[in-house]
Amino acid sequence: MPFPILSSLIALPLVGAFLLLLVRDEEHSEQTIRAIALVVSGLVFAETLLLWSRFDAASPEFQFTERLAWIPSFGITYFVGVDGISLLLVVLTGFLTPIALLSSWESVHNRVKAFSIFILLLESAMIGVFVSLDLFLFYVRWPGAC
């Protein structure tokens, strides 16, 4: 079974947000929080570049698809994949999130932990919206991306 890169792209920012929850609110933790968020978003960006490098632009099919039964009694599946347009949106999201974190480095001083957590959650939600191929999954991810 190939590596589930799209699920990894959705989960990695969530794991980063959870790690930030574990960081204690101390006097010098602001730089640690910023660094963790930046490293996680940088890893997501690197993974989007890997996704892009392995994408076959000649194929009109959805690629890197993953399908798992989620709520089978209602026909709802966890179904994700990318095509040419959604791939570029995923890469753009991965590119802009570290830029957003870097641009806020000197301007956000209150609630840095909450800000960083929400930026990572937003990144996960946006990527989830761009790769979802199941309407219910799209509907579940959409409010987080707005």
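Data block above holds the structure.
Presented here is an overview of the structure given in this document. (Residues numbered from 1 in each chain as written. Predicted model: local features only at pLDDT ≥ 70, side-chain atom pairs only at ≥ 80, totals over all residues. Heavy atoms only, no water.)

### A few points about the environment of Ala57
We apply this condition: Comment: elements are numbered from the N terminus, with helices defined as DSSP H or I runs of at least four residues and strands as E runs of at least two.
Mapped onto the secondary structure, Ala57 falls in the loop between α2 (29-53) and β1 (63-71). In the structure, Ala57 is positioned 37 residues away from Gly94 in sequence and 19 Å away in space, judged by C-alpha atoms.

### Some details on the packing of aromatic side chains
Each aromatic ring pair is characterised by the separation of its centres together with the angle its planes make. Here is the rule: Pairing of aromatic rings covers Phe, Tyr and Trp, the last through its six-membered ring, and needs centres within 6.5 Å; plane angles under 30 degrees mean stacked, over 60 mean edge-to-face, and all others mean tilted. Accessibility here uses a 1.4 Å probe with only protein chains present; expressed as a share of the type maximum, an area under 20% marks a residue as buried, one over 50% as exposed, and anything in between as partly exposed.
With the rule as written, the count across this model stands at one aromatic pair. Seen in terms of ring centroids, Phe45 and Phe95 are 5.6 Å apart; in terms of plane orientation they differ by 55 degrees. Their pairing is tilted. Here Phe95 lies in helix α3 (residues 84-103) and Phe45 lies in helix α2, a separation of 50 residues in the sequence. Looking at Phe95, the relative accessible area reads 41%, which means it is partly exposed.

### Overview of unusual backbone geometry
Even without being a glycine, Phe64 presents a positive backbone phi close to 55 degrees. Within the element layout of this structure, Phe64 appears in strand β1. One non-glycine residue, Arg111, lies in the positive phi region at around 55 degrees. Mapped onto the secondary structure, Arg111 falls in the loop between α3 and α4 (112-131). For Arg111, a relative accessible area of 71% corresponds to the exposed category.

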